[in-house]
There are 2 protein chains.
Amino acid sequence: MAATIKDIAKQTGLGLATISSYLNGGNVREKNRVKIEAAIEELHFEVNEVARGLKTNKTKIIGIIIPELNNIFCAEIITEVEDLLRSHGYATMICDCRTDERREEEAVEFLLHRRVDGLIIMPSGRSGKYLEKFTKAGKPVVLIDRKLKDIDCDSVLVDNEGAAEDAVNRLLKAGHTRIGMIAGPKDIYTAQERYSGYCKALEQAGIRPDAKLAAWGNYTIEGGADAMKELVRENPDMTAVFVSNYEMTMGAIIQINELGIRIPEELSFIGFDNVEFAKASIPKLSIVTQPTKEIARNVSELMLGRLEEAEEAERKEYETVRLTTSFVEGRSVL
Amino acid sequence: MAATIKDIAKQTGLGLATISSYLNGGNVREKNRVKIEAAIEELHFEVNEVARGLKTNKTKIIGIIIPELNNIFCAEIITEVEDLLRSHGYATMICDCRTDERREEEAVEFLLHRRVDGLIIMPSGRSGKYLEKFTKAGKPVVLIDRKLKDIDCDSVLVDNEGAAEDAVNRLLKAGHTRIGMIAGPKDIYTAQERYSGYCKALEQAGIRPDAKLAAWGNYTIEGGADAMKELVRENPDMTAVFVSNYEMTMGAIIQINELGIRIPEELSFIGFDNVEFAKASIPKLSIVTQPTKEIARNVSELMLGRLEEAEEAERKEYETVRLTTSFVEGRSVL
DNA sequence: CTGAAAGCGCTAACAA
DNA sequence: TTGTTAGCGCTTTCAG
């Protein structure tokens, strides 16, 4: 069995409090410090964070709920968040919910039982009702990428509408008028925002958005491919397309190859995220990219901040950070 | 403050043991069951897994240490493992170590303090010395994708050598003799295996492996691009290339586009992993793919099995599962 | 089947 | 500074 502070106390002849104090950076007489360190070394003592957690009512664990770890956008953010939190002593417990709201609710329950100190979530639904238990317990919740009704908390978003608007404007400027869009699931916040950016750009150019030109994918590769196929079938006059996430961008490209359509001669193309993929394509794709590192940094800082402030008395107003996207020029627009 | 079983006991007038028994699926008189459930509902009771963990000395948490969550091969496996373990009541604590051995050792320590019940690891180094603390504590360790010296435990691998050999044989059969390879880091197990498969195939065909034709990348996109550049520069007579992981495959393709080399006319190409990317490329890439789901399933089952068996007396011999890869035919070999 | 009591390893008053 | 003591919320004997 592993050694406990009791063993250390016995070995050194000191009291429990002294050992505990040493462990928590308190002041200990030099002579005793040496003794304690020797005992720790000798008995291979390792603090038991579980016991500590029970006592302090803080587990130093942050729960993370995401729709899909396989989604590169998620993965990039999570790696970074995990790194930042761990460097502050926090472990993360990640739950991949496969874009399933029911599973998300289960995950919330799961993490609640495990008494995580805070929750970072990229939610699939529209309402944050099921997060109440967290906020009521005084535990911080930080939303990534999507906004939720029925809940007060911090969130970090990107300017989805602006990003889509900008992309479509570029296509308009290149002279296109029949511009298709592969949008995300209708019930997802970001997808709606991006779609509305698309519409806004068209309207500003005096073009009425045509329902036939919008295909609703499901943020997956397959969904992107299907949507692309539909778009091409329904719109022989379409000369450009804007795809609104990475997985669907890849799917669309696969489909375009399948159909033998040439980019940009026959179809101008603007995709989303993953600069590397854009560079690996022929021709290089023009894409909208999101600042994943910056998102991660903001999320972590917000979380860490709330965690600290829980110690203190007052809390600051909830923040909504909105970051801007970038555009990476390729050769897919003509 | 959250309700505890004490509160439930008080509310129902029952003893602590009864509540605990109910919570753990024991037999409780029907009448009391109803009472308990009502109290739980009313007081919003949620079991505290931390306290439970302290008492039972089991946290129901599995630590996972990987080199890079951003690496799609890792991400695919981890998603699946996480899913399987969670469905058995286990949470996962993931540590991304950025292919850094020092960070891996820190992660081991980190997870040890948190008293995880088992460890799943895709190690960067060659020795498993630093995992001793785990095995000594009687906690199961399962290795993914790489084998380690100085440690006895289960592992799940793929037949790397065979996969590389097969790929190179295909190039040989197509008539190539000057075949390049972009290998992974020399100190990584899988990289060595794949390189040795490459050599084996050549030797069997009576060709002496030429050091100039082997470029050692670092399993990243950038590394793949650099290696490709070097290979082309040093070997004007090279007519085919085999790339040994996904990230480097993408990097190589980016570089090939950059250099304006045409596949397969000027260069035949076989890549690794990620069928989707292979399909999205022009022409479609021929690739070796690894069975990530199957790896995940094996890893989870091995871990779950060990966890159970810890309850019982004896333990089975350590297993090494070796899975086979597949080959997906594209149009990149001529 | 149920109640009482002990204790998992740690922290945090409080005294000394 | 250091020692003593009392729990954190749960499981688990052991009686009843």
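Described below are features of the structure shown in this document. (Residues numbered from 1 in each chain as written. Chains lettered and ligands numbered in written order. Predicted model: local features only at pLDDT ≥ 70, side-chain atom pairs only at ≥ 80, totals over all residues. Heavy atoms only, no water.)

**Structural notes on the protein's contact with DNA strand D**
Of all residues adjacent to DNA strand D, which total 24 residues, the nearest are A:G15, A:N32, A:K55, B:I5 and B:R52. Expressed as a percentage, the sugar and phosphate content of the atoms of DNA strand D within 4 Å of the protein is 66%. For DNA strand D, a phosphate oxygen lies 3.4 Å from a polar atom in the side chain of B:K6. At a separation of 2.5 Å, a phosphate oxygen of DNA strand D approaches a polar side-chain atom of B:R52. (Near = heavy atom within 4 Å. Polar contact = N/O pair within 3.5 Å; in protein donor to acceptor, adjacent residues only side chain to side chain.)

**Re the packing of helix 8 (residues 160-173) of chain A against helix 9 (residues 189-204) of chain A**
Residue and element names in this part refer to chain A. For the pair helix 8 and helix 9, the least separation of the axes is 7 Å and the interaxial angle reads 40°. Relative to helix 9, the element helix 8 is oriented oblique. Here helix 8 and helix 9 pass one another in a crossing that is right-handed. Between helix 8 and helix 9, the residues in contact are N160, E161, A164, E165, V168, N169 and L172 and T190, E193, R194, S196, G197, Y198, K200, A201, L202 and Q204, respectively. Along the lines of polarity and charge, the residues of the contact of helix 8 with helix 9 split into 6 nonpolar, 6 polar and 5 charged. (Axes fitted to C-alpha atoms, helices over the stretch in contact; angles between N-to-C directions. Helix = DSSP H or I, 4+ residues; strand = E, 2+ residues; numbered from the N terminus. Parallel < 35°, antiparallel > 145°, perpendicular 65-115°, else oblique. Left-handed = near helix turned anticlockwise from the far one by under 90°. Contact = heavy atoms within 4.5 Å. Nonpolar A, V, L, I, M, F, W, Y, C, P; charged D, E, K, R; others polar.)

**Details of the pattern of salt bridges**
Residue and element names in this part refer to chain B. Under the counting rule described, the total for this entry stands at 56 salt bridges over all chains. R98 is the salt-bridge partner of E68, the closest N and O atoms lying 3.9 Å from each other. Residue E68 is located in the loop between strand 1 (61-66) and helix 5 (72-86), and its partner R98 is located in the loop between strand 2 (91-96) and helix 6 (101-113); the two are separated by 30 residues in the primary sequence. Assessed through its relative accessible area of 25%, R98 is described here as partly exposed. (Salt bridge = Lys/Arg side-chain N within 4 Å of Asp/Glu carboxyl O. Buried < 20%, exposed > 50% of the residue type's maximum accessible area, 1.4 Å probe, protein only.)

**Here we look at the interface of chain A and chain B**
Each partner contributes to the interface: chain A provides 55 residues, whereas chain B provides 55 residues. Buried surface at the junction of chain A and chain B, both sides included, amounts to about 4,900 Å², of which 55% is carbon and sulfur. Between chain A and chain B we count 10 salt bridges in total. Counting the contacts that link chain A with chain B gives 27 residue pairs in polar contact (both at pLDDT 80 or more). Of all the secondary structure elements, the ones that give two or more residues to the side of chain A that touches chain B are helix 4 (49-56), helix 5 (72-86), strand 2 (91-96), helix 6 (101-113), helix 11 (246-259) and helix 12 (275-280) of chain A. Residue contributions to the side of chain A that touches chain B peak at 8 residues, all from helix 5 of chain A. Of the residues assigned to the side of chain A that touches chain B, the class counts are 25 nonpolar, 11 polar and 19 charged. (Buried area = accessible area lost by both parts, 1.4 Å probe.)

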